[in-house]
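Residues per chain are reported as follows:
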Amino acid sequence: MRQLLRWQGEVGEALGVGSEASGLDQPVYALTPDARIISLPPGATPLDFAYHVHSDLGHACRGARVDGQLVPLNSALRSGQTVEIITARRGEVAPSRDWLRPDAGYLVSHRARQKVRQWFSRQDAEREQAQGRGQLERLLQRMGATKAGHDALAERLGLADAGALYAALSRDELGPRAIERALKPDDLPAPADPLEPPALRVREQATGPSDRGILVAGVDAVMHHLARCCHPVPPEPIAGYVTTGRGVTIHRANCVILAGLRARAPERVVNVQWPGQSSGGERARFDARLLVRAAHRPGLSGDLGEILAREQVPMVRAHTHRVGDEAVITMTVALRDADSLRQVLRRLGQVPGVSSVVRQ
């Protein structure tokens, strides 16, 4: 091979073309360690060589030896040189974006540059797909439509497949409203699931017709449930949603779940109001769930229970677990109204070691 290349140079000189000038138009013939000949464009580098041997070899390339000597990856090769590629360890295979910089001189071959661009395009597409899929699953979960088929949604939105849907979400070309409009009734759960708790009656024994629990559209004695998504407490503004076979679910008026239900079936939303005092003068009580975070210490639960007893607020249930040195307590308490809630939050927040108390 080297002899043929020398003859080629001699013929060029005999024809009056300088060897340096003729080299600009002639390909470079480099050899692999097992003597395979690789034809490269003039000015090609060891990185070009690696990509011409195989794409995977190019992606994994981290160094090169030319005729046994280590050389930079942007060195120009000459015909007849033997090139050995040094590769990265498994798991570290990835080209560098610097290889595409024209001023760096790593790649001369258009074919090699195209392979590097394709690698990055695939990586970007995979990242885009994963991000879009996560966004879609979170949206469907929030809308209660986890059974909706991704391919079916894509078809309704005029997209080729679920992959195109993921990409559109990732690029912010689609938003939650578009997904909601594409959902069909079969994709959505029955309103009673998962918003409905088991029958949760207002803790009030009353005999008067106007004191028999929450009034629904001016009619008393209607079966109702407090929504677990927002746990309304009087005197917060409320609204009711008529379910199938489960009565009326009572939400806060500004509940985001209620807003979604209202958008799909506005005719099911009814006006409701809190009850007045019972005949014995005792107000009804309503459950509220609180989340307390505090430094773990002996006697913490007792101090919290003492505050509730002092405020005459019954504790329905409580659960405590530790996260490092922090105690996280979830408790459900029976309150009379929003003023009682604010007072309890304030007093619990004053207990030594408590860092935060919020209503869930």
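Located above this text is the structure these notes cover.
I will try to describe carefully the structure that is included in this document. Source: prediction; values computed, not measured.

Overview of a nonpolar patch on the surface
On the surface, Met1, Leu4, Trp7 and Ile37 cluster together into a nonpolar patch covering about 390 Å² of accessible area. Inspection of the secondary structure puts tryptophan 7 in helix H1 (residues 2-14).

As for the environment of valine 357
Note on placement: valine 357 falls in strand S15 (residues 354-359). On a C-alpha basis, the gap between valine 357 and valine 292 in space is 4.6 Å, while along the polypeptide they are 65 residues apart. Not counting chain neighbours up to four residues away, the residues in contact with valine 357 comprise Leu291, Val292, Leu345, Leu348 and Gly349.

What about the nonpolar core?
Counting 22 residues, the largest nonpolar core has Leu40, Phe49, Tyr51, Leu77, Val83, Ile85 and Leu107 as the members making the most contacts within it. Put simply, the parts of the chain that give this core at least two residues each are strand S1 (28-31), strand S2 (37-40), helix H3 (46-53), strand S3 (61-66), strand S5 (83-87) and helix H5 (110-143). Not counting residues within four places of it along the chain, the set of residues in contact with isoleucine 85 comprises Pro46, Phe49, Ala50, Leu57, Cys61, Gly63 and Ala64. Core analysis: the next-biggest nonpolar cluster, separate from the first, contains 21 residues, Leu300, Leu308, Val313 and Val344 among them.

Looking at the sheet that holds strand S12 (residues 286-295)
Here four strands make up an open sheet; going across it, the order is S13-S14-S12-S15 and the pairing antiparallel. A single partner strand is all that each edge strand has here, and the edge strands are strand S13 (315-323) and S15. Taking each pair of neighbouring strands and ignoring which way they run, the sheet shows an average axis angle of 15°. When S13 meets strand S14 (residues 326-335), the two strands line up antiparallel, connected through eight bridges. The residue of S14 that forms the bridge with histidine 319 is threonine 330. Its contacts with the sheet put helix H10 (residues 300-310) on S12, S13, S14 and S15, and the angle it makes with S14 is roughly 20°.

Calculation criteria
- Residue positions are given per chain, counted from 1 along the sequence in the order it is written.
- It should be noted that, the model being predicted, local features are given only for residues of pLDDT at least 70 and side-chain atom pairs only at 80 or more, the latter also being counted only at that level, while totals for whole chains, interfaces and linings use all residues.
- Values shown for side chains rest on all heavy atoms present in the structure; no hydrogens or waters enter the calculation.
- Each patch is built from residues lacking any salt bridge and having more than 30% relative accessible area; the joining distance is 9 Å for like charges and 5 Å for nonpolar side chains (Val, Leu, Ile, Met, Phe, Trp, Tyr).
- Residue burial considers only the protein chains on display, and all accessible areas are found by Shrake-Rupley using a 1.4 Å probe.
- Salt-bridge detection follows one rule: a side-chain nitrogen of Lys or Arg within 4 Å of a carboxyl oxygen of Asp or Glu.
- Only DSSP runs of H or I reaching four residues or more are called helices, and only runs of E reaching two or more are called strands; each is numbered from the N terminus.
- Contact definition: two residues touch when any of their heavy atoms are within 4.5 Å.
- Nonpolar cores are built from buried Ala, Val, Leu, Ile, Met, Phe, Trp, Tyr and Cys residues. Side-chain atoms within 4.5 Å join them into one set.
- For every residue, the accessible area (1.4 Å probe, protein chains only) is compared with the maximum for its type, and the residue is labelled buried under 20%, exposed over 50%, or partly exposed between those bounds.
- The criterion for strand pairing is that DSSP finds at least two bridges linking the strands in question.
- Think of each axis as a best-fit line through the C-alpha atoms, taken over the contacting stretch in the case of a helix, with angles from 0 to 180 degrees between the N-to-C directions.

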